[in-house]
Amino acid sequence: MSTISDYREVDGRMTAEEQIVTMDKIVSLAKRRGFVFGSSDIYGGVSGFWDYGPLGVELRRNIKDAWWRANVHNRDDVVGMDSSLIMPPAVWAASGHLENFNDPLVECQSCKRRYRADDLEDTSTCPNCGNRLSEPRQFNTMFKTYVGPVADEAAVAYLRPETAQGTFVNFRNVLSSTPMKLPFGIAQIGKSFRNEITTGNFIFRSREFEQMELEFFVKPGTDDAWFGYWREERMRWWRDDLGIRADNIRLRDHEKSELSHYSTQTSDFEYRYPFGWKELEGLADRTDFDLKAHMAGSGADLTYFDEETQERFVPFVIEPAVGVDRSFLVVMLDAYDEEPTGPKPSDRRTVLRLKPSLAPLKVAVFPLSANKPELVEVARSIYSELRPLLPVAWDQRGNVGKRYRAQDEIGTPWCVTVDYQSLEDGTVTVRDRDSMEQERHPVAGLSDLFRQRLSQS
Ligand code: GAP
């Protein structure tokens, strides 16, 4: 199989001639097959916003379910919550975002293009026209809005740039309404908004995106050990649960100068994108910064009383935080493959080798020929039997070869074809997406077969 791991790397970038998967191919597949569309594209689009189509919404949901299962349902030390997207300025003043959530903005004096200074190697010359850039100025990337009918200072509010603050301001509520004892976590999946100066690389950096964040509260002094635990656990998740290839993901520890205003140590999980190694997920030791900040800002008591040691203290927080959209991009990139299927150059297929648990559709059912009512009838009854159990597709367009190609391209793990033998002996062919092998199975055992294969994936 030829894959992203075959790239030759030069200065952290992949050489184009060896690249099997490119961003262009992923963007085109995503649009052609209904995974991702540019937002409002019939009006020319708006930079940094994306819409997810019929298959995209399923893949997103499967990624979020995999995260929720691993971090909430399969653990007894984490509970979930869902907080508001809009929060008042007092929250953002206390958390430090009003003061610190800035990116350095430079603007070309001539063509007026704007850049993030930390994205440029030369911060004095415009990469577009070669003229002088302005001195960097701090640009706050939170989206501002107004609550209620009067747009005055008293009505100002902000769209959250991370889910985490919604969790911190609810720490007391969760503690008093659940039996949770330290160490324990609160997980959230939800939208976040950042008015990024530059967006790009498709859904890698956008202005509206979704995050999966876990705030894991621990006793001060145990934070180092828990930081180590989450480094390993999150890497396990990427490899085992999402099926990301080990050589495409790595950990990078932040230099002191890179740390966010709240963090004493951070490790990034980086992925080998076609545009180089870049952040996929951040893991931060946020210490007691946020809870203390909200105690000072609100006057609420956000301390924890340890009944065993009879001590009262402010917990430390370890935070694994990742974007759904960035995970989506990585899952598609990692699964993308092209391979020859015959001697001619046109004998080639594109296949998304998604883990079956992530695939938008699990099974596609076809009659060998759409013109044979007796085949259509049997296929239709198999489709109806499977549909309540798993996401299943029906296709009777064109010939069977074309239908297989179409399902390969969207990552459907198994195709069931009803042929003439089916009418005689009650068996169908089940074709495997990755090996393209076909086996005969009795119609009666199909739902158990797929349920069993899915539970093993
Ligand atoms: N609560 C911590 C926090 O928000 P972050 O490193 O700024 O930390 C966490 O963001 C993750 O959210 C990133 O690793 C990335 O996956 C995702 N993310 C951040 N900004 C993004 C953007 N503009 N577009 C898409 N995903 C983004």
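The structure reproduced in this document is the subject of the present report.

Parameters at a glance
Residues numbered from 1 in each chain as written. Predicted model: local features only at pLDDT ≥ 70, side-chain atom pairs only at ≥ 80, totals over all residues. Heavy atoms only, no water. Near = heavy atom within 4 Å. Polar contact = N/O pair within 3.5 Å; in protein donor to acceptor, adjacent residues only side chain to side chain. Areas by Shrake-Rupley, 256 points an atom, 1.4 Å probe, with all protein chains shown as cover. Helix = DSSP H or I, 4+ residues; strand = E, 2+ residues; numbered from the N terminus. Nonpolar A, V, L, I, M, F, W, Y, C, P; charged D, E, K, R; others polar. Buried < 20%, exposed > 50% of the residue type's maximum accessible area, 1.4 Å probe, protein only. Pairing = 2+ DSSP bridges. Salt bridge = Lys/Arg side-chain N within 4 Å of Asp/Glu carboxyl O. Axes fitted to C-alpha atoms, helices over the stretch in contact; angles between N-to-C directions. 1 Å grid on protein atoms, 1.4 Å probe; cavity = no way out; pocket = protein on both sides within 12 Å on 5 of 7 lines; lining within 4 Å. Points joined across faces, edges and corners; volume = space filled by probe spheres on them. Core = buried A, V, L, I, M, F, W, Y, C linked by side-chain atoms within 4.5 Å. Parallel < 35°, antiparallel > 145°, perpendicular 65-115°, else oblique. Contact = heavy atoms within 4.5 Å.

## So, the site of the ligand
Next up, step 1: Taken together, 20 residues lie near the ligand, and Glu 162, Glu 196, Glu 213, Glu 279 and Leu 280 sit nearest.
Next up, step 2: One of the side-chain N or O atoms of Glu 213 is found 2.4 Å from a nitrogen atom in the ligand.
Next up, step 3: For the ligand, whose free accessible area comes to 560 Å², the fraction covered by protein is 91%.
Next up, step 4: When residues of the shell around the ligand are traced back to their parent elements, those giving at least two are strand 13 (208-218), strand 16 (276-287) and strand 19 (316-323).
Next up, step 5: Among the elements that line the shell around the ligand, the one with the most residues is strand 16, at five residues.
Next up, step 6: Partitioned by chemical class, the residues of the shell around the ligand number six nonpolar, four polar and ten charged.

## Details of the pairing of strand 12 (residues 184-193)
Next up, step 1: Of all ten residues in strand 12, nine are buried, a share of seventy percent or more.
Next up, step 2: In terms of strand pairing, strand 5 (residues 78-80) meets strand 12 through three bridges, oriented parallel. Directly across from Gly 80, in strand 12, lies its bridge partner Ala 187.
Next up, step 3: In terms of strand pairing, strand 12 meets strand 13 through ten bridges, oriented antiparallel. Each residue of the ladder has a partner; that of Ala 187, found in strand 13, is Leu 214.

## A short note on the pattern of salt bridges
Next up, step 1: In the structure shown here, the tally under the stated rule is 43 salt bridges.
Next up, step 2: With a shortest N-O distance of 2.3 Å, Glu 409 and Arg 32 are connected by a salt bridge. Of this pair, Glu 409 sits in helix 11 (residues 400-410) while Arg 32 sits in helix 1 (residues 23-32); the two residues are 377 residues apart in sequence, bridging distant segments of the chain.
Next up, step 3: Note that Glu 210 is salt-bridged to Lys 64, the shortest N-O span being 3.1 Å. A residue pair is termed long-range when its members are at least 10 positions apart, and Glu 210 in strand 13 and Lys 64 in helix 2 (residues 54-73) qualify at 146 residues.
Next up, step 4: Using a relative accessible area of 9% as the deciding quantity, one classes Glu 210 as buried.

## Here's the deal with the sheet that holds strand 5
Paired through their backbone hydrogen bonds, the strands of a sheet run either parallel or antiparallel.
Next up, step 1: As summarised here, the arrangement of the seven strands in space is 5-12-13-19-16-15-14, forming an open sheet in which the pairing is mixed. What marks the edges here is a single partner per strand, and that holds for strand 5 and strand 14 (249-253). Adjacent strand axes in the sheet meet at a mean angle of 25° when their direction is disregarded.
Next up, step 2: Judged from the five bridges that link them, strand 14 and strand 15 (residues 265-273) form a sheet pairing that is antiparallel.

## Remarks on the layout of surface pockets
Next up, step 1: In this structure, the second largest pocket encloses a volume near 250 Å³.
Next up, step 2: Lining the second largest pocket are Leu 175, Thr 178, Pro 179, Met 180, Lys 181, Leu 182, Tyr 304, Phe 305, Asp 306, Glu 307 and Glu 308.
Next up, step 3: Class assignment of the residues belonging to the lining of the second largest pocket gives a composition of six nonpolar, one polar and four charged.

## Notes on the nonpolar core
Next up, step 1: Core analysis: the biggest nonpolar cluster contains 63 residues, and Phe 35, Trp 238, Tyr 273 and Leu 329 have the highest contact counts within it.
Next up, step 2: Top element by residues in this core is helix 9 (residues 324-335). It accounts for eight residues.

## Observations concerning the pairing of strand 15
Next up, step 1: The buried fraction of strand 15 is high, at eight of nine residues.
Next up, step 2: Here strand 15 runs beside strand 16; their pairing, made up of nine bridges, is antiparallel. Within strand 16, the residue paired with Glu 270 across the bridge is Glu 279.

## Regarding the packing of helix 2 against helix 9
When two helices pack together, their arrangement is given by the angle between the helix axes and the distance between those axes.
Next up, step 1: Following both chains from N to C, one finds helix 2 and helix 9 inclined at 105°, their axes separated by 10 Å at the closest point. In this view, helix 2 runs roughly perpendicular relative to helix 9, as classed from their interaxial angle. The residues of helix 9 that touch helix 2, namely those facing Gly 56, Leu 59, Arg 60, Ile 63 and Lys 64, are Val 324, Asp 325, Ser 327, Phe 328, Val 331 and Met 332.
Next up, step 2: Here the contact of helix 2 with helix 9 is composed, by residue class, of six nonpolar, two polar and three charged.

## Describing the side chain of Thr 417
Next up, step 1: As for its position among the elements, Thr 417 is in strand 24 (residues 414-418).
Next up, step 2: Of the residues examined, Thr 417 reaches a relative accessible area of 3% and is grouped as buried.
Next up, step 3: For Thr 417, the side chain forms a polar contact with the side chain of Tyr 404, separated by 3.0 Å.
Next up, step 4: Sequence-distant contacts of Thr 417, defined by excluding residues within four places in its chain, comprise Phe 366, Leu 368, Val 400, Tyr 404, Ser 422, Val 428 and Thr 429.

## Points about the environment of Glu 311
Next up, step 1: With respect to the element layout, Glu 311 can be found in strand 18 (residues 311-313).
Next up, step 2: A relative accessible area of 37% means that Glu 311 is categorised as partly exposed.
Next up, step 3: If we skip the residues at most four places from it in the chain, Glu 311 touches Lys 219, Tyr 304, Phe 305 and Asp 306.
Next up, step 4: Of note is the side chain of Glu 311, whose polar atom sits 3.4 Å from the side chain of Lys 219.

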